[in-house]
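# Observations on the model geometry
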Amino acid sequence: MVDLAEKEMDNPTFRSDTVLSDVHLHCPSKRHLMVRLNAVGQPVFLSCFKLLWSTEDLASGKHMREIMTGGEHRCRSGNELRDKDKSNIKKEGELNSEGVEALLDDDGDLEVVRRPRRASDLEAEGLLRDIVCPVILMKGKEDAFEDEERECTCSDVVKIEHTMATPLEDVGKQVWRAAFLLADYILFKRDTFRCCSVLELGGGTGITSIIMGTVAKRVYCTDVGEDLLAMCEQNVALNKHLMEPGGGEVKVKELDWLKDDFCTDPEAPYSWSEEEIADLLDHCSVIMAADVFYDDDLTDALFRTLYRITHNLRNSCTVYLALEKRLNFTLRHMDVTCEAYSHFRNTLNDLENLQDGKMKYTVEPIKLDFCQFLVYERIEQL
């Protein structure tokens, strides 16, 4: 957990139970501004995450047509250089007959050819990713906030309030890579999700639901904890301009996997109305979850919730699960293992093999060769 007071913001310290997401290290914003302290005293930051193309361009299908016709920005692995970069290497690194790079400046000094900066999939010209380490600024620097506001008002930026480090029980307040991966898939398969009714389980900061809200008719973004849900609701409000062109909406609701039913207490924040439950069960055709498989008990609870909800849906449903396989050295095995992922796969197999005479589940992997629409680092463990 981050042990910070506002007057000590320049010197964060991390305790042994700290969980830290590295997504914010790779986001294109120039700074991270502390906007407030949340209910448990954690500093909350505002980050701007770059969309490679604006939502208006995506809505028009302009760049999708370029992709499908094999234009310059086609899908590749994250480690592959763009064709243009490769041609630049050849031009800049021409060898003379003696095999020495003939690159001299005006004074005759040898110029060192530096390796070109690598680009993420489909990064457009001028949008190469800079790895930016977080610089923590004191709340109250009004000029910095004004600069950030000007920087974060266009249609190609997603604004997210989040924490940078938390204990394990609060990891939903951070931003994780699998949420970006699922968001990429949503934007790549926009027509698949257009006008759908969607449920997200463990929505956290809400970034995937917000992206889905640019396409779908209605998204129920769910999680537990009033503080987290308030942060999620704030993020939905910050990005309302991205969803308005398509008429989508995101509703933030509580859904506790450890309980057997929806919270309908009218006095409880983020509870469900009977109309909302009916709407979900009558119209939901997509369920999604990103980076929620890190604890075996919670994984079991999630699959019980999945079964309960899908069992009550009027229509068939597709569930999209995205995760990052996290490797850890364990004393029990004296080896590097991925126990949380192994338990997830075993539970998924159990669901697929379930025979209750009413439900049939089919599991299919999705190839990760789809295009990248958000600026982040796509790694092989995703």
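Residues numbered from 1 in each chain as written. Predicted model: local features only at pLDDT ≥ 70, side-chain atom pairs only at ≥ 80, totals over all residues. Heavy atoms only, no water.

### Focus on the overall build of the protein
Summing up its helical and strand segments, the protein has 12 helices and 13 strands in all. Going through the 382 residues of the protein one by one, you find that 47% of them count as buried. For the protein, restricting intrachain contacts to residue pairs at least 6 apart in sequence, the fraction spanning at least 24 positions comes to 71%. Summing over all exposed atoms, the protein offers an accessible surface of approximately 20,000 Å²; the carbon and sulfur share of this is 48%. (Helix = DSSP H or I, 4+ residues; strand = E, 2+ residues; numbered from the N terminus. Buried < 20%, exposed > 50% of the residue type's maximum accessible area, 1.4 Å probe, protein only. Contact = heavy atoms within 4.5 Å. Areas by Shrake-Rupley, 256 points an atom, 1.4 Å probe, with all protein chains shown as cover.)

### Concerning the side chain of Gln174
Along the chain, Gln174 falls in the loop between strand 6 (165-166) and helix 5 (177-188). Contacts of Gln174, omitting those with residues within four sequence positions, involve Val19, Leu20, Ser21, Thr163, Met164, Ala165, Thr166 and Thr205.

### Side note on the nonpolar core
A general tendency of soluble globular proteins is for nonpolar side chains to be buried together. Core analysis: the largest hydrophobic core is formed by 49 residues, its most contacted members being Val158, Phe180, Ile186, Phe193, Val198, Met212 and Met288. The residues touching Ile186, leaving out its near neighbours within four places in the chain, are Phe193, Thr208, Ile211, Met212, Val215 and Met288. Within the second largest apolar cluster, 26 residues are counted, among which are Trp257, Phe293, Leu313 and Tyr361. (Core = buried A, V, L, I, M, F, W, Y, C linked by side-chain atoms within 4.5 Å.)

### Thoughts on the pairing of strand 10 (residues 284-290)
For strand 10, the buried fraction is high: 6 of the 7 residues fall into the buried class. Two strands pair when backbone bridges link them, and strand 7 (residues 197-200) and strand 10 are joined in this way by 4 bridges, in the parallel orientation. Bridge pairing in strand 10 links Val198 to Val286. By the bridge criterion, 5 bridges tie strand 10 to strand 11 (residues 318-322) in an arrangement that is parallel. Paired with Ala290 across the strands is Ala322, a residue of strand 11. (Pairing = 2+ DSSP bridges.)

### Digging into helix 10 (residues 274-283)
What helix 10 keeps buried is the set Glu276, Ile277, Asp279 and Leu280. Taken down its axis, helix 10 places every buried residue within 160° of arc, on the same side. Along helix 10, the residues that are exposed and aim more than 90 degrees away from the buried face are Glu274 and Glu275. Contacts made by the buried residues of helix 10 are with strand 7, strand 8 (218-223), strand 9 (249-254) and strand 10. (Arc of directions from axis to C-beta.)

### Re the pattern of salt bridges
Applying the stated rule across the entire model yields 15 salt bridges. Put simply, Lys251 and Glu276 hold a salt bridge, and the shortest N to O gap is 3.4 Å. Highlighted residues: Lys251 in strand 9 and Glu276 in helix 10, separated in sequence by 25 residues. For Lys251, a relative accessible area of 24% gives the class partly exposed. When its relative accessible area of 12% is taken as the criterion, Glu276 is described as buried. Between Lys253 and Glu276 there is a salt bridge; the shortest N-O distance is 2.9 Å. Of the two residues, Lys253 sits in strand 9 while Glu276 sits in helix 10, which places them 23 residues apart along the sequence. The network of salt bridges with common partners includes Arg177, Asp291, Glu324, Arg326 and Glu377. (Salt bridge = Lys/Arg side-chain N within 4 Å of Asp/Glu carboxyl O.)

### Quick notes on the sheet that holds strand 7
Spatially, the 5 strands line up as an open sheet ordered 9-8-7-10-11, and their pairing is parallel. With partners counted over all chains shown, the strands left at the sheet margins are strand 9 and strand 11, one partner each. Each adjacent strand pair in this sheet contributes to an overall mean axis angle of 20°, direction not counted. Lying over the sheet, helix 8 (residues 226-238) contacts strand 8 and strand 9, oriented at roughly 175° with respect to strand 9. Sheet strands touched by helix 11 (residues 296-312): strand 7, strand 10 and strand 11. Its angle to strand 10, the strand with the most contacts, is close to 175°. (Axes fitted to C-alpha atoms, helices over the stretch in contact; angles between N-to-C directions.)

### Topic: the packing of aromatic side chains
Using the criterion set out here, one finds 14 aromatic pairs in the structure. Ring geometry for Tyr185 versus Phe370: centroids 5.2 Å apart, planes at 70°, classification edge-to-face. Here the residue Tyr185 occupies a position in helix 5, and Phe370 occupies one in the segment after helix 12 (339-352), the gap between them amounting to 185 residues. Overall, Phe370 belongs to the buried group, its relative accessible area being 4%. Taking 6.2 Å as the distance between ring centres and 40° as the angle between the ring planes, the aromatic pair formed by Phe303 and Phe344 counts as tilted. (Phe/Tyr/Trp six-rings, centres within 6.5 Å; stacked < 30°, edge-to-face > 60°.)

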